[in-house]
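Overview (structure and organization)
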Amino acid sequence: MVTNFLNPVTTQTWANGRHVVRCVKVIQETWDVRTFCFMAEQPVMFFFKPGQFVTLELEIDGECVFRSYTIASSPSVPYSFSITVKRVPGGRVSNWLHDQMDVGHELAVHGPVGDFNCIDHAADKVLMLSGGVGITPLMSMTRWFFDTNAAVDLAFIHCARTPRDIIFHRELEHIFSRIPEFKLHIVCERDSELNQAWSGFRGFLSEPMLELMAPDFLEREVFCCGPTPFMSAVRRLLTQRGFDMSRYHEESFGATPVDVQEDVHELAEQAEAEAEELVAADMHCVEFASAGKSVRIQPGETVHAAASKLGLHIPKACGMGICGTCRVPLVAGEVDMEHNGGITDEDVAEGFILSCCSRPKGNVTVDW
C-alpha cells in the first residue's frame, strides 16, 4: 500500500487543443454574474498562463456556436478551471450559459491561448486596471501571485457601476488584507441606486484619482481589461502622462478573435470526422448489472464516465485513484486501471476496481 501511494500521479497535462469537460459547480457572484467551474472526467492538470482564455464550443438552438472567455481561476489550482460570465441583455451566449449551463453539463473547450498574461510580461511592480467583468483575467493573475507567494508589488484598481456590481468583492478583500505589498482600490461610478452605501472612490477613473491610488504608476507594468471606452480612457490618460506604452498590456473583452475562430472550427471539424469514423465495433459496452443499464463508450473513456452518461452516480472524491471512494466490483471483462494507491492488492484480487481510473479493454460488466 505504501509503495503504491508513492507512485507518481498518472495525470494528463492540458495542452492547446480540443477537450471535453464537465461543469462541476456554478457560483452566483453578483446579481447578473456567474462563475462556471469545469473539470475533465479523467484528471487533467489545467496548466495555462494567468490571463489566457479558452473558447467554448456550444450547441444553441441546433447551431454550433463558439465564444471565448478568459479563465478566471489560477493554474495554482490545477485540476479545474473556471470562467466568469456576465448576463448581457440580448446576449445569445451569456444568456444561454446563465439559463442552461448547470452541474453535469458536458461541452468542448479549445485552448488555452492568449498573449495577455503575467508570465510573458513579468515585472516586480504591477498595476492592474479593470472595468466590470474585465476583472476576470486580472483575477487569475492576482490569484496566481497570491497562491505562489510571488514577490510582486501589486496595485489593483477595479471599477464597477455600483457596489452590488463588484465581482469577487469578498475574495479581493481577503487577498489584499494578507499581503502588505498588495494594494486594492475599488471605484464605483455611482452609489445612489437602491440606497447602496459606499465609502470608497466614486465616479469615473481620472488622473487625480490614479495619482492618489498609485502615485508611482509610471514605474509599473500595466495590465488593463474592460469595456472598450474604459480601456480607451486608460490609454489616453497614460499617453498624456508620457507612460512607456511598451509596458502597457490590454485584453479586449469582446468577440472571439478571427484567427482563434478559424483554429476552433478546424479542430471541431476534425473531431466530428473522427467521431464519424468511429464505428460501433470499435466501442466498448459497459453494463451496470444492478441498475440494469448499459452504454457504449469510446476507447480510453473510464467506467465512471460511462456511469455518468447513464445518470448513475458512483461516489467520487479525488478522481485520480487515490481515495478509493469510487471502488466497484468488476463482474466480467478486463480494464486498464492506472491508480495512485487508492486500492489494495487484496481488493484487486477480489475483483474490485476504481471506476475513475479504469478504462475498459473490451466489453465489461460492473455490479452497480
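The structure reproduced in this document is the subject of the present report. (Residues numbered from 1 in each chain as written. Predicted model: local features only at pLDDT ≥ 70, side-chain atom pairs only at ≥ 80, totals over all residues. Heavy atoms only, no water.)

Regarding the sheet that holds strand β5 (residues 53–60)
Our working definition: Strand pairing is defined by DSSP finding a minimum of two bridges between the two strands. Helix and strand definitions here come from DSSP, where helices need a minimum of 4 consecutive H or I residues and strands a minimum of 2 consecutive E residues; each element is numbered from the N-terminal end. Helix axes are fitted only over the stretch in contact, all axes being lines through C-alpha atoms; the angle between N-to-C directions runs from 0 to 180 degrees. Two residues qualify as a contact provided that any one of their heavy atoms is within 4.5 Å of a heavy atom in the partner residue.
Spatially, six strands are ordered β6-β5-β8-β2-β3-β7 in an open sheet, and the strand pairing comes out antiparallel. One side of each edge strand has no neighbouring strand; the edge strands of this open sheet are β6 (63–70) and β7 (81–86). Taking each pair of neighbouring strands and ignoring which way they run, the sheet shows an average axis angle of 40°. Relative to β5, helix α2 (residues 92–100) is tilted by about 80°, and along the sheet it contacts β3 (33–39), β5, β6 and β7.

What about helix α3 (residues 135–147)?
Rules: To estimate the expected span of a helix, count its residues, drop one, and scale the result by 1.5 Å. Type-normalised accessible area, obtained with a 1.4 Å probe on protein chains alone, sets the label of each residue: buried when under 20%, exposed when over 50%, and partly exposed for intermediate values.
End to end, α3 covers 18 Å across 13 residues, agreeing with the expected 18 Å (1.5 Å per residue, within 8%). Most of α3 sits inside the fold, with 10 of its 13 residues counted as buried. With its phi angle positive at about 55°, N149 sits one or two positions after the end of α3.

Regarding the pattern of salt bridges
Put simply, the test is: Think of a salt bridge as a Lys or Arg side-chain nitrogen and an Asp or Glu carboxyl oxygen that are within 4 Å of each other.
Following the criterion strictly, the structure yields 17 salt bridges and no others. Here D216 ties to R220 by a salt bridge, and the two come within 3.0 Å at their closest N and O atoms. Overall, R220 belongs to the buried group, its relative accessible area being 5%. What you see here is one network of salt bridges that share partners, running through K125, D153, D216, E219 and R220.

Considering the environment of S74
The criterion, for reference: Nitrogen and oxygen atoms within 3.5 Å of one another constitute a polar contact, given that in protein one can donate a hydrogen and the other can accept it, and given that sequence-neighbouring residues count only through two side-chain atoms.
For S74, the location among the structural elements is in the loop between β6 and β7. With 72 residues separating them in the primary sequence, S74 and F146 have C-alpha atoms 9.8 Å apart. Setting aside chain neighbours within four positions, we find S74 in contact with F48, S140, R143, W144 and D147. Side-chain polar atoms of S74 contact the side chain of S76, separated by 2.6 Å.

Description of helix α4 (residues 169–176)
Operational definition: The directions considered for the arc are those from the helix axis to the C-beta atoms.
For α4, the full list of buried residues reads L172, I175 and F176. When α4 is viewed along its axis, its buried side chains cluster within an angular range of 85° and face the same direction. Tucked inside the fold, the buried residues of α4 contact α3, β10 (153–160) and β11 (182–188).

Quick look at the environment of I157
As for its placement among the helices and strands, I157 is situated in strand β10. According to the relative accessible area criterion, I157 is buried, its value standing at 0%. Considering only alpha carbons, one finds I157 and L129, 28 residues apart in sequence, at a separation of 5.0 Å. Ignoring any residue separated from it by four or fewer positions in sequence, one finds I157 in contact with L127, M128, L129, S130, H185, V187, L205, L210 and M213.

So, the sheet that holds strand β15 (residues 284–288)
Spatial ordering of the open sheet is given by β16-β15-β21-β17-β19, a layout of five strands whose pairing is mixed. Whereas interior strands pair on both sides, the edge strands pair on one side only; in this sheet they are β16 (293–297) and β19 (352–354). The mean inter-strand angle of the sheet, taken between neighbouring strand axes irrespective of direction, is 35°. Sheet analysis places strand β17 (residues 327–332) next to β19, joined by three bridges and oriented antiparallel. Looking at β19, one finds that P329 is bridged to F352.

Details of the pairing of β11
β11 sits mainly inside the fold: six of its seven residues count as buried. Bridge analysis of β10 against β11 gives seven bridges, and the strand direction is parallel. Bridging from a neighbouring strand, I157 pairs with H185 of β11. Pairing analysis gives two bridges linking β11 to strand β12 (residues 201–202), with the strands arranged parallel.

What about the packing of aromatic side chains?
Formally: Aromatic rings from Phe, Tyr and Trp, taking only the six-membered ring of Trp, are treated as a pair when their centres fall within 6.5 Å; an angle between ring planes under 30 degrees marks them as stacked, one over 60 as edge-to-face, and anything in between as tilted. By the criterion adopted, a ring carries a charge over it if an Arg CZ or a Lys NZ lies within 6 Å of its centre and within 35 degrees of its normal.
What the rule picks out here adds up to five aromatic pairs. Ring geometry for F116 against F223: centres 5.9 Å apart, planes inclined by 70°, an arrangement best described as edge-to-face. In this pair, F116 is assigned in the loop between β8 (106–113) and β9 (125–131) and F223 in strand β13 (residues 221–226), connecting sequence segments 107 residues apart. Of the two residues, F116 and F223, both sit in the buried class. In this structure an aromatic cluster arises from ring pairing among F38, F46 and F81. We note R143 situated over the ring of F168; from NZ or CZ to the ring centre the distance is 4.9 Å. Sitting over the ring of F352, R327 keeps its end group 4.0 Å from the ring centre.

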